[in-house]
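Single-letter residue listing:
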Amino acid sequence: MSSALTDLFPHPIVQAPMAGGVSLPRLAAAVSDAGGLGFLAAGYKTADGMYQEIKQLRGLTGRPFGVNVFIPQPEYADPAAVEVYAHQLAGEATWYDTELGDRDSGRDDGYDAKLAVLLDNPVPVASFHFGIPSSDALESLRRAGTFTLVTATTPEEALAVQYAGADAVIAQGVEAGGHQGTHRDLPEQDGSGLGLLSLIAQIRETVTIPIVAAGGIMRGSQIAAVLAAGASAAQLGTAFLATHESGAHDLHKQALTNPLYVRTELTRAFSGRPARGLVNRFLREHGPYAPAAYPEVHHLTAPLRKAAAKAKDAQGMALWAGQGHRMARELPAGQLVEILAAELDAARTALSGKGDLR
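Residues numbered from 1 in each chain as written. Predicted model: local features only at pLDDT ≥ 70, side-chain atom pairs only at ≥ 80, totals over all residues. Heavy atoms only, no water.

K.L.:
Can you break down the pairing of strand 3 (residues 65-70) residue by residue, with the values?
P.N.:
Buried residues dominate strand 3, accounting for six of its six residues. Sheet analysis places strand 2 (residues 38-41) next to strand 3, joined by four bridges and oriented parallel. Pairing of Phe39 across the sheet is with Gly66, part of strand 3. In this fold, strand 2 hands off to helix 2 (residues 47-60), which returns the chain to strand 3; that crossover is right-handed. For strand 3 and strand 4 (residues 125-129), the ladder comprises five bridges, and the chain directions are parallel. Considered in strand 4, the bridge of Val67 is made with Ala126. (Buried < 20%, exposed > 50% of the residue type's maximum accessible area, 1.4 Å probe, protein only. Helix = DSSP H or I, 4+ residues; strand = E, 2+ residues; numbered from the N terminus. Pairing = 2+ DSSP bridges. Right-handed = clockwise from strand over helix to strand, strands pointing away.)

Printed below as a string of structure tokens:
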């Protein structure tokens with residue numbers, strides 16, 4: 001098992017890149033300085049916006065960090081289905097006194113420009129979501145000194161990641177908050193994702209590249225479990241969502257442990273792609289009717305989500321969260337890394353038979 005990734009940071013703890021303004025440079029810096037691997041999220045940003053955040057992060061820490069980029073999506077949405085959904089959302093626009101977004105605002109999220117920035121200004125680690133970069137792109141990043149990771153949600157996807165030449169695979173279990181990183185968005189497979197431990201075991205028997213485990217991990221004991229299952233590190237998103245340095249809206253942070261929100265659900269309501277969030281009014285009312293249309297639906301609902309946040313109405317916001325959200329701890333990010341590392345050490349000691357298993 002290659003140690004090229006874990007040699008970059010002392011603790012096998014990766015802060016998941018959370019797009020939408022959550023993964024700020026200050027969060028990534030705090031995680032990296034504490035011995036984890038902090039990540040910036042380039043999704044929904046311009047290439048220059050990504051570059052400016054990289055510059056800011058480099059001014060905050062000298063430790064390794066990562067940048068996450070979305071892979072462009074194929075054009076397969078049914079325009080008629082998107083139009084029907086837009087009509088359904090008209091009442092939301094009236095309620096929040098705003099307009100629906102332009103569904104045709106772009107499909108590639110500035111991918112080529114972002115890749116050019118990463119090649120001209122190499123970062124220690126780059127990860128990719130929603131698909132696989134070309135083999136040429138991965139090789140170019142490797143020559144630039146960047147370690148590459150690609151999300152996979154099935155053993156077959158993981159094998160394709162290895163075949164393309166990525167350095168490691170992120171095994172994303174169905175427990176994960178936010179968007180599932182499936183390589184193809186197939187509505188008939190909604191809700192059929194694999195749990196993380198099962199996914200790690202199957203990927204471990206399919207590929208030889210290192211695995212980073214992601215999905216519902218909130219405690220050091222869970223990190224110990226995924227390492228024992230064959231992962232080299234664990235990636236945590238929801239656990240860092242509530243930290244002081246997170247850019248998440250205060251209502252989003254509070255909702256993680258608010259007893260009003262009793263469960264999470266995979267939904268297309270906000271973006272047109274399966275993503276796990278806390279069940280609120282918007283998700284309940286619109287989730288059953290949202291089409292498989294990403295990023296069209298994401299563009300449509302963007303003004304609604306922004307208006308709901310401005311109105312301090314959590315019932316209209318996309319409250320992304322993993323299944324372990326009730327275990328969130330509101331702490332400084334660096335302190336959370338230290339606590340997770342201590343819990344991991346305690347779990348390893350217990351598993352080795354040298355400590356109390358309680």
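K.L.:
Describe unusual backbone geometry, with residues and values.
P.N.:
Of the consecutive residues Tyr294 and Pro295, the connecting peptide bond is found in the cis state with omega at 10°. When you line up the elements, Pro295 lands in the loop between helix 12 (281-286) and helix 13 (296-310). Despite not being glycine, Asp109 shows a phi value in the positive range, around 55°. Take Asp109: it is sitting in the loop between helix 4 (90-95) and helix 5 (111-120).

K.L.:
Lay out the side chain of Ser32 in plain terms, naming residues and giving numbers.
P.N.:
For Ser32, the location among the structural elements is in helix 1 (residues 25-33). According to the relative accessible area criterion, Ser32 is buried, its value standing at 1%. Those residues in contact with Ser32 that sit more than four places away from it in its chain are Leu37, Gly38, Thr61, Arg63, Pro64 and Phe65. (Contact = heavy atoms within 4.5 Å.)

K.L.:
Give a detailed account of helix 6 (residues 135-143), specifying residues and quantitative values.
P.N.:
Of all the residues in helix 6, the buried ones are Ala137, Leu138 and Leu141. Relative to the axis of helix 6, the buried residues are bounded by an arc of 100° and lie together on one face. What points out from helix 6, more than 90 degrees from its buried face, is the exposed set Asp136 and Arg143. Where the residues of helix 6 are buried, they touch helix 5, strand 4, strand 5 (147-152) and helix 7 (155-164). Looking at the residues trailing helix 6, positive phi occurs at Gly145, about 95°. (Arc of directions from axis to C-beta.)

K.L.:
How would you sum up the nonpolar core? Please name residues and give values.
P.N.:
Counting 80 residues, the largest nonpolar core has Val67, Leu118, Val169, Ile223, Leu236 and Phe240 as its most contacted members. Top element by residues in this core is helix 14 (residues 333-351). It accounts for seven residues. Setting aside anything within four residues of it in sequence, one finds Val169 in contact with Val150, Ala152, Ala158, Val161, Ile203, Val207, Ile209, Pro210, Ile211 and Val212. Ala77, Val82, Ala290 and Ala293 belong to the second largest nonpolar core, which has 17 residues in total. (Core = buried A, V, L, I, M, F, W, Y, C linked by side-chain atoms within 4.5 Å.)

K.L.:
Lay out the pattern of salt bridges with the relevant residues and their values.
P.N.:
One pass over the full model with this rule turns up 13 salt bridges. A salt bridge links Arg329 to Glu343; its shortest N-O distance comes to 2.7 Å. Taken together, the residues span a long stretch of sequence, with Arg329 in the loop between helix 13 and helix 14 and Glu343 in helix 14 at a distance of 14 residues. A single network of salt bridges, built from pairs that share partners, joins Glu139, Arg142, Arg143 and Asp167. (Salt bridge = Lys/Arg side-chain N within 4 Å of Asp/Glu carboxyl O.)

K.L.:
An account of the sheet that holds strand 9 (residues 233-236) is needed here, citing residue identities and associated values.
P.N.:
Read from one edge to the other, the open sheet built from eight strands follows the order 1-9-8-6-5-4-3-2, with strand pairing classed as parallel. Each edge of the open sheet carries a strand with a single partner, namely strand 1 (13-15) and strand 2. Geometrically, the sheet is characterised by an average inter-axis angle of 25° between neighbouring strands, direction not taken into account. Relative to strand 8 (residues 211-214), strand 6 (residues 168-172) is paired through four bridges, and the arrangement is parallel. From the neighbouring strand, Val169 faces strand 8, where its bridge partner is Ile211. Across the sheet, helix 5 touches strand 3 and strand 4, and the angle it forms with strand 3 is around 160°. (Axes fitted to C-alpha atoms, helices over the stretch in contact; angles between N-to-C directions.)

K.L.:
Can you break down the sheet that holds strand 7 (residues 178-179) residue by residue, with the values?
P.N.:
The strand order across the open sheet formed by three strands is 7-11-10, and the pairing between neighbours is antiparallel. Strands at the two margins of the open sheet, each flanked by one partner only, are strand 7 and strand 10 (264-267). Taken together, the two bridges between strand 7 and strand 11 (residues 275-278) define a ladder with antiparallel strand orientation. In the strand pairing of strand 11, Gly178 is matched with Arg276.

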